[in-house]
Protein chains: 2
Amino acid sequence: MSEKEKFLGEFEQCILLSILRLGENAYGSSVRELLSDVVNREVSIGALYTTLERLETKGMVSSRVGEATAQRGGRAKKYFEVTAKGQQALKRSKQALEKLWKGVALSVVINDGIRQSC
Amino acid sequence: MSEKEKFLGEFEQCILLSILRLGENAYGSSVRELLSDVVNREVSIGALYTTLERLETKGMVSSRVGEATAQRGGRAKKYFEVTAKGQQALKRSKQALEKLWKGVALSVVINDGIRQSC
DNA sequence: GCTTTATATCTACAATGTAGAGTATTTAAG
DNA sequence: CTTAAATACTCTACATTGTAGATATAAAGC
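Residues numbered from 1 in each chain as written. Chains lettered and ligands numbered in written order. Predicted model: local features only at pLDDT ≥ 70, side-chain atom pairs only at ≥ 80, totals over all residues. Heavy atoms only, no water.

So, on to the nonpolar core. One recurring pattern in soluble globular proteins: nonpolar side chains tend to sit buried together. Within the largest apolar cluster, 58 residues are counted, with the highest numbers of intra-cluster contacts made by I19(A), L35(A), I19(B) and L35(B). Each residue touching L35(B), except ones within four places of it in the same chain, is listed here: L100(A), F11(B), C14(B), I15(B), S18(B), N40(B), R41(B), V43(B) and L48(B). (Core = buried A, V, L, I, M, F, W, Y, C linked by side-chain atoms within 4.5 Å. Buried < 20%, exposed > 50% of the residue type's maximum accessible area, 1.4 Å probe, protein only. Contact = heavy atoms within 4.5 Å.)

In structure tokens, the structure reads:
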């Protein structure tokens, strides 16, 4: 077991989480929209698909091509799903970060000038 | 304002958090030890210092060289501190991840075979 | 001086992040 | 039909971040 535990990149994590959240409806474009909507992160088309492909190569996600079902034309969608391996990697990343955050308090001046800690 | 908001890498976040946690005592070797102890992550010396230097170039941390104070020999330590900019970047990263995690539940089989969600 | 201990710098390469032009596929309009 | 529009994915290329280990510094102790 365990083939030299690697770490997920920051963007990889975002994409994995987006796929999970989208569930049945997770494919390239929808992931891209979600990132734009939820975390206000605009990513290029290339950035997105490249990363999806790499995640698949690493076994973090699996994919299947859907039937051509578009309302107004359009190419067939490629749906993604996070594998068990992907979920475990995500969990590990989350736990590592949570451990490090534990006990740490920031104290920066926020936009409106009010000092907060978090 | 805002010079094309970039994102922190995964390892960069870890290092920044380690520095915050170590407070006055944050320097290369201590950060390395912390990562090993807290998140069980062994990083090479080169990986660590390279990243610290890059973070400094980006203005995420600042450094000062301490006096030679070693008990048993040794080169002077280079102490690091996370700048306001670094703290804000950290906060942004944290919030983005939290937003994405919100509403997502994993369901992978854990080591001991017990199904959990988190 | 020479060895030991503690810490940092340098050089190099691999992996991940990012962009945008180009391609494919299907529907609607002319 | 033929072309335009819509939707989604593939390809190529380069920038940034991750990672390693050898090497250099510096002081303490003998």
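For the pair chain B and chain A, the superposition axis carries a translation of 0.0 Å, the fit reaches an RMSD of 0.1 Å, and the rotation angle comes to 180°. Interpreted geometrically, this transformation is the action of a two-fold axis. Taking the C-alpha atom as reference, chain B places E10(B) closest to the rotation axis, 2.5 Å from it. Interface overlap between copies: 100% of the residues of chain B at the interface are likewise at the interface in chain A, consistent with a symmetric, same-surface contact. (Least-squares fit on C-alpha atoms with pLDDT ≥ 70 in both.)

Turning our eyes to something else, we now look at the protein's contact with DNA strand C. For DNA strand C, the set of nearby residues contains 32 residues, the closest of which are S44(A), G46(A), R54(A), Y49(B) and K77(B). A share of 58% of the atoms of DNA strand C within 4 Å of the protein falls on sugar and phosphate groups. Take R41(A): an N or O atom from its side chain is 2.9 Å from a phosphate oxygen of DNA strand C. Between DNA strand C and the protein, one listed contact pairs a base oxygen with a side-chain N or O atom of R75(A) at 3.3 Å. Top element by residues in the surface near DNA strand C is helix α3 (residues 45–57) of chain A. It accounts for five residues. For the surface near DNA strand C, the per-class residue count stands at seven nonpolar, 13 polar and 12 charged. (Near = heavy atom within 4 Å. Polar contact = N/O pair within 3.5 Å; in protein donor to acceptor, adjacent residues only side chain to side chain. Helix = DSSP H or I, 4+ residues; strand = E, 2+ residues; numbered from the N terminus. Nonpolar A, V, L, I, M, F, W, Y, C, P; charged D, E, K, R; others polar.)

One pass over the full model with this rule turns up six salt bridges over all chains. When the shortest N-O distance is used, the salt bridge between R41(A) and E10(A) registers 2.8 Å. In this pair, R41(A) is assigned in the loop between α2 (28–38) and α3 and E10(A) in helix α1 (residues 10–22), connecting sequence segments 31 residues apart. The two residues R41(A) and E10(A) agree in class, both being buried. Among the salt bridges present, the one from E98(B) reaches K94(B), with a minimum N-O distance of 3.8 Å. Here K94(B) and E98(B) lie together in helix α4 (residues 84–101), a separation of four residues that amounts to about one turn. (Salt bridge = Lys/Arg side-chain N within 4 Å of Asp/Glu carboxyl O.)

Lining the immediate environment of DNA strand D, one finds 33 residues, of which Y49(A), K78(A), S44(B), G46(B) and R54(B) sit closest. Here the atoms of DNA strand D within 4 Å of the protein split so that 55% fall in sugar or phosphate, with bases taking the remainder. A distance of 3.3 Å separates a phosphate oxygen of DNA strand D from a polar atom in the backbone of S29(A). Separating a phosphate oxygen of DNA strand D from a backbone N or O atom of K78(A) is a distance of 2.8 Å.

So, about the packing of aromatic side chains. Residues and elements named next belong to chain B. All told, the structure shown has two aromatic pairs over all chains when counted by the stated rule. Between Y27 and Y79, the aromatic rings sit 5.8 Å apart at their centres with planes inclined by 75°, giving edge-to-face as the arrangement. Note that Y27 is positioned in the loop between α1 (10–22) and α2 (28–38) and Y79 in strand β2 (residues 78–82), a separation of 52 residues in sequence. Side by side, Y27 and Y79 carry an identical accessibility label, which is buried. (Phe/Tyr/Trp six-rings, centres within 6.5 Å; stacked < 30°, edge-to-face > 60°.)

Within α2(B) the residues assigned to the buried category are G28(B), S30(B), V31(B), L34(B), L35(B), S36(B) and V38(B). On its buried side, α2(B) packs onto α4 (84–101) of chain A together with α1, α3 (45–57) and β2 of chain B. At the C-terminal side of α2(B), N40(B) shows a positive phi close to 60°.

Residues and elements named next belong to chain A. A positive phi angle, close to 55°, is found at N40, a residue other than glycine. Assignment of secondary structure puts N40 in the loop between α2 and α3. Judged by relative accessible area, which is 63%, N40 ranks as exposed.

All names here are of chain A. Looking at the secondary structure, you find S36 in helix α2. Within polar-contact distance, the side chain of S36 engages the side chain of E42 at 3.1 Å. Ignoring any residue separated from it by four or fewer positions in sequence, one finds S36 in contact with R41 and E42.

Taken by themselves, the reported measurements are silent on function.
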